[in-house]
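Single-letter residue listing:
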Amino acid sequence: MKVFVVAEHMKGQLAETTFELLGKARALAGDGGEVIALLGGHGHKDLAAQLGAADKVIYADHPALEQFNPQAWCKAVTQMLQGRLPGLVLVSYSSQGMDLASGVGTALDVPVLAYATDVQADGGRITVTSQLYGGKIMAESAVNGDSAIVAMLAGVAPADAGRAEGSPAVEEVSLEGLDALQVTFKELVEPEGGDVDITKADVIVSVGRGIQSEENIEMAEALAQKLGGVVAASRPIVDAKWLPKSRQVGKSGLKVKPKLYIALGISGAPEHIEGMKDSETIIAINSDPKAPIFEYAHYGVAEDLFDVVPALTEKL
Amino acid sequence: MNIVVPIKQVPDLVEELEIAASGKDLDREWLKYKINEFDDHALEEALCFKEAHGGQVIAVAIDGEDVDKALYTAAAKGADRVIKITGEVADNSHAHARALANVIGQLDWNMVFIGVQAVDERDGQTGVILAHYLGVPHISVVTEVQQSGGGVEVVKEFGGGIVAKLEVQPPAVFGIQAARQTPRYVPVAKVRRAMRGTELEEMDAGSVDVTAGSEVVRLFKPESKGGAEMIEGSPEEVAAKLAEIIKSKL
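Residue numbers here run from 1 along each chain, matching the order of that chain's written sequence. Chain labels run from A onward and ligand labels from 1 onward, assigned in the order the entries are written. Per-residue local features are limited, in this predicted model, to residues with pLDDT of at least 70; the limit for side-chain atom pairs, both in listing and counting, is 80 or more; totals at the level of whole chains, interfaces and linings are taken over all residues. Excluding hydrogens and water, the side-chain figures rest on all heavy atoms present in the structure.

1. So, the nonpolar core
What counts here: Residues belong to one nonpolar core when they are buried, are Ala, Val, Leu, Ile, Met, Phe, Trp, Tyr or Cys, and are joined through side-chain atoms within 4.5 Å. Remark: exposure states derive from per-residue accessible area (1.4 Å probe, protein chains only) relative to the maximum for the residue type, with buried under 20%, exposed over 50%, and partly exposed in between. Residues count as neighbours in contact if any of their non-hydrogen atoms are within 4.5 Å of one another.
A:Leu38, A:Leu100, B:Val5, B:Phe113, B:Val145 and B:Phe174 are the most contacted members of the largest nonpolar core, which totals 90 residues. Here A:Leu100 is in contact with A:Val6, A:Phe68, A:Trp73, A:Cys74, A:Val77, A:Val91 and A:Gly105, once residues within four sequence places are set aside. In this structure, A:Ala220, A:Leu227, A:Ile237 and A:Leu312 belong to the second largest nonpolar core, which totals 34 residues.

2. Here we look at the environment of B:Lys156
Put simply, the rule reads: Under the scheme used here, helices are H or I runs from DSSP no shorter than 4 residues and strands are E runs no shorter than 2 residues, and both carry numbers assigned from the N terminus. The term polar contact refers here to a pair of N or O atoms within 3.5 Å; inside protein, the definition further demands a hydrogen-donor-capable atom paired with an acceptor-capable atom, and it admits residues adjacent in sequence only when both atoms are side-chain atoms.
Of note, B:Lys156 is situated in strand β8 (residues 151–157). Judged by its relative accessible area of 0%, B:Lys156 falls in the buried class. Side-chain polar atoms of B:Lys156 contact the backbone oxygen of A:Ser95, separated by 2.9 Å.

3. Overview of unusual backbone geometry
The residue after A:Leu85, namely A:Pro86, is reached through a cis peptide bond having omega 10°. Of note, A:Pro86 is situated in the loop between α2 (70–81) and β6 (88–92). That bond from B:Pro170 to B:Pro171 is cis: its omega, 10°, falls within 30 degrees of zero.

4. Overview of the domain arrangement of chain A
All names here are of chain A. Under the convention used in this document: Domain borders in the structure are assigned automatically or taken from a domain database. Note on terms: buried area is the combined drop in 1.4 Å-probe accessible area of two parts once they are placed together, counting the loss on both. Within this document, salt bridges are pairs made up of a side-chain nitrogen of Lys or Arg and a carboxyl oxygen of Asp or Glu, the two lying within 4 Å of each other. Nonpolar residues are Ala, Val, Leu, Ile, Met, Phe, Trp, Tyr, Cys and Pro. Charged residues are Asp, Glu, Lys and Arg, and all others, Gly as well, are polar.
Domain annotation of chain A identifies domain 1 (2–173) and domain 2 (198–315). Taking only C-alpha atoms, the centre of domain 1 and the centre of domain 2 are 32 Å apart. Contact residues are listed per partner, giving 11 residues for domain 1 and 11 residues for domain 2. Roughly 660 Å² is buried in total at the junction of domain 1 and domain 2, and carbon and sulfur atoms are behind 55% of that figure. Inspection of the region where domain 1 meets domain 2 yields 1 salt bridge. Of the residues that constitute the side of domain 1 that touches domain 2, the class distribution is 5 nonpolar, 5 polar and 1 charged.

5. Observations regarding the sheet that holds strand β15 (residues 260–264) of chain A
What counts here: We treat two strands as partners when DSSP finds at least two bridges between them. Think of each axis as a best-fit line through the C-alpha atoms, taken over the contacting stretch in the case of a helix, with angles from 0 to 180 degrees between the N-to-C directions.
Across the sheet, which stays open at both edges, the 6 strands sit in the order β14(A)-β13(A)-β15(A)-β16(A)-β17(A)-β13(B) with parallel pairing between neighbours. Lying at the two open borders of the sheet, with one neighbouring strand each, are β14 (230–233) of chain A together with β13 (229–230) of chain B. Strands in contact with helix α8 (residues 305–315) of chain A are β15, β16 (281–285) and β17 (299–301) of chain A; relative to β16(A), the strand with the most contacts, it is inclined by about 130°.

6. Regarding the sheet that holds strand β5 (residues 81–86) of chain B
Taken in spatial order, the 10 strands make up an open sheet running β12(A)-β9(B)-β8(B)-β7(B)-β10(B)-β6(B)-β1(B)-β4(B)-β5(B)-β11(B), and their pairing is mixed. Every interior strand has two partners, whereas the edge strands, β12 (183–189) of chain A together with β11 (200–204) of chain B, have only one. In this sheet, neighbouring strand axes are inclined to one another by 30° on average, regardless of whether the strands run parallel or antiparallel. Note: strand β1 (residues 3–6) of chain B against strand β6 (residues 111–115) of chain B, 2 bridges, orientation parallel. Looking across to β6(B), one finds that B:Ile3 is bridged to B:Met111. Most of the contacts of helix α3 (residues 95–108) of chain A go to strand β7 (residues 138–148) of chain B, to which it runs at about 105°, and overall it touches β7 and β8 of chain B. The sheet strands contacting helix α3 (residues 93–104) of chain B are β1, β4 (57–62), β5, β6 and β11 of chain B, and the helix crosses β4(B) at an angle near 140°.

7. Some points on the interface of chain B and chain A
Every contact between the two is made by 85 residues of chain B and, on the other side, 82 residues of chain A. With both chains or domains summed, chain B and chain A bury close to 7100 Å², and 60% of this area falls on carbon and sulfur atoms. Contact with chain A buries surface across chain B, with B:Arg122, B:Phe158 and B:Ile246 losing the most and accounting together for 8% of the total. If you look at where chain B meets chain A, you find 9 salt bridges. For B:Glu37, the salt bridge goes to A:Arg235, with nearest N and O atoms at 3.2 Å. Applying the counting rule to chain B against chain A returns 39 residue pairs in polar contact (both at pLDDT 80 or more). Among the elements of the structure, α1 (37–53), α4 (126–134), β7, β8, β9 (163–168), β12 (214–220), β13 and α6 (235–249) of chain B are those that each provide at least two residues to the side of chain B that touches chain A. Looking at the side of chain B that touches chain A element by element, the count peaks at 11 residues for α6(B).

8. With respect to a negative patch on the surface
Here is the rule: Exposure above 30% relative accessible area and the lack of any salt bridge qualify a residue for a patch; like charges then connect within 9 Å, and the nonpolar side chains Val, Leu, Ile, Met, Phe, Trp and Tyr within 5 Å. Throughout, the Shrake-Rupley method with a 1.4 Å probe supplies accessible areas, and for residues the shown protein chains are the sole cover considered. In this charge count, Lys and Arg are treated as positive and Asp and Glu as negative; neither His nor the chain ends contribute. Here the site of a charge means NZ on Lys, CZ on Arg, CG on Asp, or CD on Glu.
Taken together, A:Glu214, A:Glu215, A:Glu218 and A:Glu221 make up a surface patch of like negative charges. On the secondary structure map, A:Glu218 appears in helix α4 (residues 217–226).

9. Points about the packing of α4(A) against α8(A)
Residue and element names in this part refer to chain A. Here is the rule we go by: The cut-offs work like this: below 35 degrees is roughly parallel, past 145 is roughly antiparallel, 65 to 115 is roughly perpendicular, and the gaps in between are oblique. Helix crossings fall into two classes, left-handed where the near helix is turned counterclockwise from the far one by less than a right angle and right-handed where it is turned clockwise.
The interhelical angle for the contact between α4 and α8, taken along N-to-C directions, is 30°, at an axis separation of 9 Å. Taken as axis vectors, α4 and α8 run roughly parallel relative to one another. Crossing hand, α4 versus α8: left-handed. Of the residues in α8, those in contact with Met219, Ala222, Leu223 and Lys226 of α4 are Leu305, Phe306, Val309, Pro310, Leu312, Thr313 and Glu314. Here the residues of the contact of α4 with α8 sort into 8 nonpolar, 1 polar and 2 charged.

So this is what it looks like as C-alpha cells:
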C-alpha cells in the first residue's frame, strides 16, 4: 500500500506528530509498500534529511509556503497528491492539519476521516477508528474506495517508530496557482510570557468547566499553594477569560509533564488529554463517574469537588 | 460586511450517551441537544465584528432537534436574519456543507463564521468542506477577525500558544475556535420576545448530492485501559486518602 504523510513544521522544526504518522505509515505500508512524505516550504528542503522513515520525499518550494498559509498549503498538498493516488494520506489533526485534511480531501474528492486514533488497511480495505463526542464514543468506519485522508489525533502512535537515519530520495515538484492568493501570511506571534510558567511546575492544579465560576478558582489556588504548585486550566476556562492563556493546558495551549497533576472538574476531552497525559501522577476529581479523564488518571474521585477539595487542602 | 453563521445542535455531553440497537448510531430517543459550543463562539465573534464595523449577521441552521429555539436565541443575541434550512439532509459533514453552500450561495454574504469543529464530525470539518463547495479559502482555529483595509485580519491559533496573523480578502470561511470575548448570555424572556418579533425564514436545502465517503461499521464505548484507581468514601475519608497519596508522590 502507498501511504503519504504530510510533514508538518513550524519555525524550522518538524512536529513530533510527523514522526508518529511516519511510524504508523511504515506499519501500514507493509512489505513492498511505499511511504512518501509530502514536504512543503520555502528553503525547507533540508528537513527531508530527518524524514528517513519515508522511502521518498516530495518537496515543493514556494514563498507562500514559508509559513502556514492555509490557502497556499491546501493548493500545494492537493497538487503534490494529484496523479499519485490511490493511497492513504495521513495528516495530524492539528491546527495545520484541520485546514489540510478536509480541504485537500474535498478538493481531490477523497473520503476524509477526522479524530482518528487508528487506521487499518487489510487487503486494501481501509478502516478508520475515530474518537467522537469528546472521547465518549468510538466509531469504526469503512472507507468507500481505495483512498482516504485521515486526520489523526496526536499521541496515538509512537514517534520513535518514525525516526530513522538516512536521507530518502527527494523529488522536487513545482506548483501552480500560488502567486495570487486571497490569504496572505503576516506574522507569527509568540505567546506573551505569563506570570508563571506552568511547564516548569512540579505540581499543577488544573480547573475545568466543573469549577463553575471564576470565584471558585480561589479554592484551586488554595490547594495549589499548599502543594507549592500552580493553577492551570482547560480551554473553556481560558476562553471565559477566568485565567490567562499562559495557564492553558492542551492541544491549543501548553503541554505539561509535572510530578503531580490534579484535574478538578475536567471531563477529559481529547484536546485536553493531549496536553497532560504524560504527567507522572494524575489525580482527577469530577462528579461524573463516566468522565473520560478517569481513563487517564491514576487516582480518581467521582464526587463533588466542592466537598473534597476544601477537605483535602485542610489535610495537607 | 455580511457574515453568515451556521449553527448546529449536537448531543449534550453532560448526559450519558447510549448506542442504538443498530450499533451504528447513538440512541437518539432521549438525547438532549445543545448548540455546538464552537458555533456559539462563531456567533459571538460575528456579533462583535458587526458591532465594530457594521453589516449583517445571518444565522442559518439545518432543520433538526431544537433548531427553532437555537435560531430565536441567535436573533435575541443580535442576529439580523435567522434561516432554517429544510429538506432531506443526511447527518454527515459533507451533506451539511453541501446544503449550507446551496443556501449561502443565494444570500448576499462576505464571510462565513462557523465553529471550527463539532464533536460528531467524523468525516471532516463542515466549515472547511463548505469553503471548498463555495469556492473560497478557509482558515481554521480562528480566535479573532478584524476589518483591515479592504479585507480582514484574522488570528489563527497553533499549539503552544503561538498564533499567526493572516490577511484575507473575503469571501472566505473562518472556523472559529473561540470568540474574542465570552459568548453573551440572553435571558429566556428576551428569547421569548424574539420568538414573537422575529421572522424565522425557511429555505430549501436543494440538491444534496454528496456522501461522507465512508460508512460507520460500528460505534463502541472506549475500552477501559484499567483507568484510575477510584477512591471512595465521605469527603473527609477521600481527602485523607488523597493527602496520603500526594505526600507519597512528592
